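Observations on the three-dimensional arrangement
Spelled out from the first residue to the last, the chains are:
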Amino acid sequence: MLAATVALTVATGGALAAPTAAQAYDYSQIPASSWAYTDSTRPHGAIVGAQTDAPIGRWLDDEENAHTSRFYFSIDLGGLKGRQLLDADLLAHERQVTDCTRSTGVELWRTAAFTDGNSWRTPPAELEKLGTMSAGAGRECPGYLVQDLADTVRATLARGETTLHLELRLSGEAERDRQLSRWFWYRPTLTVEHNGLPTVGGLSVYPGRGCGDAANPVGVGRSVTFAANASEPDQNDRAHVTFAAWPVDQPAQRQERGGTGYGGGQQFRTEWDLSSHPHGTVLAWTAQAGDGDGTSEWAAPCYVRVDRQAPAQAPQVSSEEYPAGGGDQPSGGPGVPGRFRFDAGGDTDVVRYRYYDPNHGSSLWIDAPAPGAAAVLTWTPRRGGPMTMTVSSVDAVGNISPPREYEFWVRYTEPSVEVSVAGPGLPSTLTMRSPVAEVTSFGYRLNEDAEVRVPAEGAAATVRVTFPANGQYQLAVSAYVGDVLSGARQQTVHVDDAPTVESTDFAWDRDGVAGREGRFTLRPRTTEVVAYRYSFNYDDETRVPAAADGTATLDWTPPAADWYQLNVRSERADGTVSQATSYGFSVIDNKPTVYSGDLVVWPRRDGVGLPIEFHFDTAMPDVTEYVYQFDGEAERTVPAQSGSARLTWTPERAGERSVTVRSRYASGELSPPNVWPFQVWTGPVVTSSAYDSDTSDGRVGKEATFAFRPGLPGVQRYTYRFDGGDEQTVDAAAADGTASVTYTPGRSGYTTLDVTSHGADGTTSQTRMYTFIVKSDKVNVYGYYSPWSPSGGIGVPGWQRFHSELHRDVAEYLYRINDGPEQTVAAATDSTSTDLTITPDRNGTNTLHVRQRLRDGTLSPITEYVFLVGTAPLVASTEYPAGQWSGGAGQPGRFTFSGGTAGIVEFEYQVGEDEPRLVPATGGTATVTWTPPYSTGYGMTVRGRLADGTWTDSTSYSFYVRP
């Protein structure tokens, strides 16, 4: 890397190198600007500026003459003046070494400038030893010697010097040892990382309110935006600005925060919340620029003064055209301007007014002509009815007075306008009406044209208007009583030349019918139309000539039921075409549709002898019934309800089948037929009394019979498998092709039986998948005491639930806890589960063994249910039983604590937020009396303490005190 660096130095001759993307600083290489070395054999002279390697130490020339030399050079630091120095290293390149097996130290000195009078005997003064660099053995040799000079360069620049004078020499006795001599490239290089510091200035209160000094601070309100300009000298660097502000009398409250850049990052702003500062507080504020490597000095402070006193009085509002009042005093009208006067009563703090514009539903501002002066607003309503204009006075810093609500009523005088657009160049109709009976004339204006006045008759007028071209037109209409404006309105009129498409056969409220011809009428919306170009669903255009009046008819027969879009353009005599009209419509099929959900489900459930439901439907109106026929069977009918019908049909053979369906209309006419092919599953029909109904009792361990009935003729045998197991074979009975097999399931749950029939001629049917649910013969247990976490404690009763999938046949459950006696509980007759209460007698792991006895006396396998018992004590109360409303406020109750675990010496109890209390236990039991102060719900928490100081689990006991 160093070799590459020095090579770059030679190439650039000391020019600054561009920083990489990862650097925010600049990286420069500054080679020596001048150099010389002294020679002991030339006591009164020196070798200056020679572009040869410079020796140091004792060395021999070609004639074996001994020399001793020191190397002097200077570095120009002028390019670093005014910049922030981050790092500086001197790189001295060894070009030749007498003996690399020997190590030595090369001293670097800061010296006085090397002049013409300097030589071996009169060297420049050594001012400061900067370091000793290790060279020789143990290092790359010849190699690079590196010395950190950051502090030296900073000190040099701080002294106002722009050149650093340096010396390389061997130290002490090494200078007289010929084996330690070495030669250096004549231009050592200073590598520098440096940064141009940004500057900050242009401090002001945004927008454009100046900086403010201590004697004349800028007045501000509850918040202020500080702004400052920042400049960054480095092209590849970006500045940021930090703002600071503090009350002048409390500098310890100084706060700092960053700003956001605007205008290409040259100006920075921050909004400062001043709501916590009292009225009259003076704050100083300043800014500082930084670029990530360094910062500028803080700018001279600016000053602001907090003004939180809003104008005390709401302004007065008045208007001659729209005086205040209710609906009994309407005035003006939509489009009729009015003047509104806002008056602050001479309060010179007021410089503007804020008002709520009822037209836009937003707040707007109007400046006062002078501080405290009234302002006049000209405002034009856009609608009639009640209006409220809310107005406030505003001072120079934005403080707002209480609002004044000015309520008035605008007359409903807005005229209505109906525009029937014929198209460009054709006369369109403009109809204007006014709710004001006295209206004598109307005025209308298109875009910026002059207003055209027309007389009114019966408060209405109709005129012909020709729009010259396609486009949007702004239409303004005014109504007048004499020369007085009574009301106005504006609206946008869209004009285009797209033709009109009409049809009674294909319309939004009348669908077309596939195969039935219908007609479209095409009408022009421009002049000189000679033809129309049309396409359906963006197919290629077809041209149809127009009649003399510019109209044309198009007869069309839809090929199929679908949604269609007819696109039409008119063609003028000069060959130009209009904009396109898109006319969408729906075409329905006059053939009925057929559907059967039984033929699409999986596993397939249809087959020979199994009923199949079919659904007939149509989009055609007035259908009274359907006529249908399955294959060669006789035709039958089924009545239609709201155009639909359902029927059930049982096939007598499997394979490819079809149904032909026609709709019959109220007129007696029949639709074209729809032939719907389908396939009846050829797989065998499987039945089992043990699983074919919800009340069947198929279960684990109980043998069940499965009957196979053929779906094809000539069945000789069946292959089958249960739950994907090994394939088995059973022969069919010779007479009817049926067969049966037995199966005793070994597990519960969803089970499959796949059956395929095989004929004597090798014909194989489709495979029937028969699914059934095998019920479990074991009892499921769950409840208060569970296997996952400890609950309750010794003596604490808890509910448990026995659930059986064979609940219809269960007579009773037999159970025992741990090694206790077996007990019984009768099975519930109205539920799938049976509940009971158990009370454990030991902590930790317990085991419940349970089995069920069926009504036929059969006993199921035993279920072992492991559960965990905690150490929480039992809480009981006669006066305040758990979970019930009882007792009353002020009525004492006795609460008994017991159980949980053995060895409890005292109990701790706490009611609600009361302090916990202790009560000693006798024989593991204690009783306390507690009186509820209020009628409400209470929670009591109880735990026991053992003799060794450990605590049991806690019990939460809830009860309710009656009012």
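Sequence order sets the numbering: in each chain, residues are counted from 1 along the sequence as written. In keeping with the model being predicted, local features are shown solely for residues with a pLDDT of at least 70 and side-chain atom pairs are shown and tallied solely at 80 or more, while totals for entire chains, interfaces and linings include all residues. The side-chain figures draw on all heavy atoms in the structure; neither hydrogens nor water molecules are used.

1. Let's talk about the state of the cysteines
Note on terminology: disulfide denotes any pair of cysteine sulfur atoms within 2.5 Å. Following the criterion strictly, the structure yields two disulfides and no others. Here cysteine 100 is linked by a disulfide to cysteine 141, with a sulfur-sulfur distance of 2.0 Å. Here the S-S torsion is close to -75°, and the disulfide linking cysteine 100 with cysteine 141 is therefore left-handed. Of the two residues, cysteine 100 sits in the loop between strand S7 (84-97) and strand S8 (104-111) while cysteine 141 sits in the loop between strand S9 (126-135) and strand S10 (144-148), which places them 41 residues apart along the sequence. At a sulfur-sulfur separation of 1.8 Å, the disulfide partner of cysteine 211 is cysteine 302. Measuring handedness by torsion sign, the sulfur bridge of cysteine 211 and cysteine 302 sits at about -105° and is left-handed. Taken together, the residues span a long stretch of sequence, with cysteine 211 in the loop between strand S14 (199-206) and strand S15 (218-220) and cysteine 302 in strand S22 (residues 302-306) at a distance of 91 residues. Judged by its relative accessible area of 1%, cysteine 302 is buried. The disulfide pattern of the protein is 1-2, 3-4 when the bonded cysteines are numbered in sequence order. Segments assigned H or I by DSSP are reported as helices when at least four residues long, segments assigned E as strands when at least two residues long, and all are numbered from the N terminus. Burial classes follow relative accessibility: with a 1.4 Å probe on protein chains only, a residue under 20% of its type's maximum area counts as buried, one over 50% as exposed, and anything between as partly exposed.

2. Regarding the sheet that holds strand S47 (residues 623-630)
Pairing is antiparallel in the open sheet, where four strands are placed in the order S48-S47-S50-S51. In this open sheet, the two strands that pair with only one neighbour each are strand S48 (636-639) and strand S51 (674-680). Between one strand and the next, the sheet's axes are offset by a mean angle of 30°, whatever the strand orientation. Of the strand pairs in this sheet, S47 and S48 are connected by four bridges, and their pairing is antiparallel. Looking at the pairing, tyrosine 628 lines up with arginine 636 of S48. When DSSP locates at least two bridges between a pair of strands, those strands are taken to pair. Note on method: axes are straight lines fitted to C-alpha atoms, helices fitted across the in-contact stretch only, with angles between N-to-C directions ranging 0 to 180 degrees.

3. Points about the sheet that holds strand S53 (residues 704-709)
With antiparallel pairing, three strands are arranged side by side in an open sheet as S52-S53-S56. Taken across any chain shown, the strands that pair with only one partner, and hence form the sheet edges, are strand S52 (685-687) and strand S56 (739-743). Between one strand axis and the next, the sheet turns by 25° as a mean value, whatever way the strands run. Examined bridge by bridge, S53 and S56 share five bridges and lie antiparallel to one another. By the bridge assignment, phenylalanine 708 is partnered in S56 with alanine 739.

4. Points about the pattern of salt bridges
By definition, a salt bridge exists where a carboxyl oxygen of Asp or Glu is found within 4 Å of a side-chain nitrogen of Lys or Arg. Counted under the stated rule, the structure contains 42 salt bridges. Across the salt bridge formed by glutamate 175 and arginine 169, the nearest N and O atoms sit 3.7 Å from each other. Across the pair, arginine 169 and glutamate 175 agree in class, each one buried. A single network of salt bridges, built from pairs that share partners, joins Arg70, Glu107, Glu126, Lys129, Arg169 and Glu175.

5. What about the confidence of the model for the protein?
Summary statistics for the protein give a mean pLDDT of 92 and a share of 97% for residues scoring 70 or more. Every residue carries a pLDDT, the predictor's confidence in it, which falls somewhere between 0 and 100. Any two residues having at least one pair of non-hydrogen atoms within 4.5 Å are treated as being in contact. Per-residue pLDDT stays below 50 along residues 1-23; that stretch engages in 28 contacts with residues further than four places along the chain or on separate chains.

6. Comments concerning helix H2 (residues 150-158)
By the burial criterion, the buried members of H2 are Ala150, Thr152, Val153 and Thr156. Axial view of H2: buried residues confined to an arc of 165°, hence all on one face. Away from its buried face by more than 90 degrees, H2 exposes Asp151 and Ala158. Next to the buried residues of H2 lie S7, S8, S9, S10, strand S11 (163-170) and strand S13 (189-195). In the segment just after H2, glycine 160 is the residue with positive phi, at about 85°. The directions considered for the arc are those from the helix axis to the C-beta atoms.

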